[in-house]
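Summary of the model geometry
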Amino acid sequence: MDNTMRSRPIVSTAAFLLAVGGELYLLRGHLAGLPAEAPIPLLMELFLCGVILIGAICSATPKGWRGKAGCRAAYLLLAGYLAFNIAHFSFFSRLYLEGITTEYPSYAPALAALKLVLVSVGVVAATPVASGPDRREYADRLWSAARRQQKTWADGAAVRGSDADKDPAAQAAQRLRRELTADELERLKRTLLAEPSPEAEGNSPEAADPSDPEAPEEAGKESPGSHEETGKWAGFEGWKGWGCY
């Protein structure tokens, strides 16, 4: 991309010339025989029109306002010009209405506002800026950003994988998945779920002391559980006799 700072000289010069030329045309009746005791706002406006013409000459090149200092001065002058015209808006609207032939008085304020818009457009267009990227360069930048994002995701996945490899439980689980079939894994899962924990064994009635007189009579008996091979409950056959099929 070309990083050269460039302005829009055609737009800025045309806006300045159109604003000054239009105002001089509307004030032609007052400029023909300008008396010595002319209103101060009118004289000030003519002076500012000369400043705008100087700005049009300076902004006729792609360099525009030629740096930050020129831009600051141009925007300060623009702020002062806008403030001056807004403060005397009704005065200039009355003068512009005398320079046109119309039965609609609202045209004069519209022309005064259009003049301010044209001057603002000229100042902004004369501000040098760097040109934006073209379509090919924009696509290349987008593709580079996507590749960097993919690399970041891949690095994160590699780090998570290395952390999982360092965990003994994760290594054992991976080894079981590789060595056992699906049926063997399901059988192992049922066995682990059916096996009681040591805490449960210590608190269960089967773990009670047989010498305790208050212990239940069937404490020594083996509680029904799951058959390791069939997976059925040990008292399944007994329940059949009670009408449960």
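Summary of the structure given here.

Rules behind the numbers
- Numbers given for residues are sequential positions, taken from 1 along each chain in its written order.
- Where local features are concerned, this predicted model is filtered to residues with pLDDT of at least 70; where side-chain atom pairs are given and counted, the filter is 80 or more; whole-chain, interface and lining totals use all residues.
- Derived side-chain values reflect all non-hydrogen atoms in the structure, with water molecules and hydrogen atoms excluded from consideration.
- Helix numbers and strand numbers start at the N terminus; a helix is a DSSP run of H or I with at least 4 residues, a strand a run of E with at least 2.
- Given a helix with a known number of residues, its expected span is that number minus one, times 1.5 Å.
- Any pair of residues with heavy atoms lying within 4.5 Å of one another is described as a contacting pair.
- Summary of the burial criterion: residues with accessible area below 20% of their type's maximum are buried, those above 50% are exposed, and those between are partly exposed, where the area comes from a 1.4 Å probe applied to protein chains only.
- Definition of nonpolar core: a set of buried residues of the types Ala, Val, Leu, Ile, Met, Phe, Trp, Tyr and Cys, connected through side-chain atoms within 4.5 Å.
- Pairs of N or O atoms within 3.5 Å make up the polar contacts considered here, provided that, within protein, one atom can donate a hydrogen while the other can accept it, and that residues adjacent in sequence are counted only when both atoms are side-chain atoms.
- Only C-alpha atoms enter the line fits that serve as axes; for helices the fit covers just the stretch in contact. Angles between N-to-C directions range over 0 to 180 degrees.
- Angular relationships are summarised with four words: roughly parallel below 35 degrees, roughly antiparallel beyond 145, roughly perpendicular across 65 to 115, and oblique for the angles in between.
- Crossing chirality is assigned from the near helix's rotation relative to the far helix, an anticlockwise turn below a right angle marking it left-handed and a clockwise turn marking it right-handed.

Glancing now at helix H3 (residues 40-58). With 19 residues, H3 extends 27 Å from end C-alpha to end C-alpha; this agrees with the ideal 27 Å at 1.5 Å per step. Against the buried residues of H3 lie helix H1 (9-26), helix H2 (28-31), helix H4 (68-87), helix H5 (89-99) and helix H6 (107-125).

The next subject is H6. Look at H6: 27 Å from first C-alpha to last across 19 residues, which is about the 27 Å you get at 1.5 Å a residue. Of all the residues in H6, the buried ones are Ala 108, Ala 112, Lys 115, Leu 116, Leu 118, Val 119, Gly 122, Val 123 and Ala 125. Where H6 is buried, its residues touch H1, H3, H4 and H5.

Phe 16, Trp 65, Tyr 96 and Val 119 are the most contacted members of the largest nonpolar core, which has 27 residues in total. Of all the secondary-structure elements, those providing two or more residues to this core are H1, H3, H4, H5 and H6. Top contributing element to this core by residue count: H6, with six residues. Excluding residues that lie within four positions of it along the chain, Val 119 makes contacts with Phe 16, Ala 19, Ile 52, Leu 78 and Tyr 81.

In this structure, Lys 115 sits in helix H6. A distance of 3.2 Å separates a polar atom in the side chain of Lys 115 from a polar atom in the side chain of Glu 45. When near neighbours in sequence (up to four residues on either side) are disregarded, Lys 115 contacts Ala 19, Glu 23, Glu 45, Tyr 81, Asn 85 and Tyr 96.

Taken N-terminus to C-terminus, the directions of H5 and H6 make an angle of 115°; their axes are 8 Å apart at the nearest point. Put simply, H5 runs roughly perpendicular to H6. For the element pair H5 and H6, the recorded crossing hand is right-handed. The segment H5 lies against H6, with Phe 89, Ser 93, Tyr 96 and Leu 97 engaging Ala 108, Pro 109, Ala 112, Ala 113 and Lys 115.

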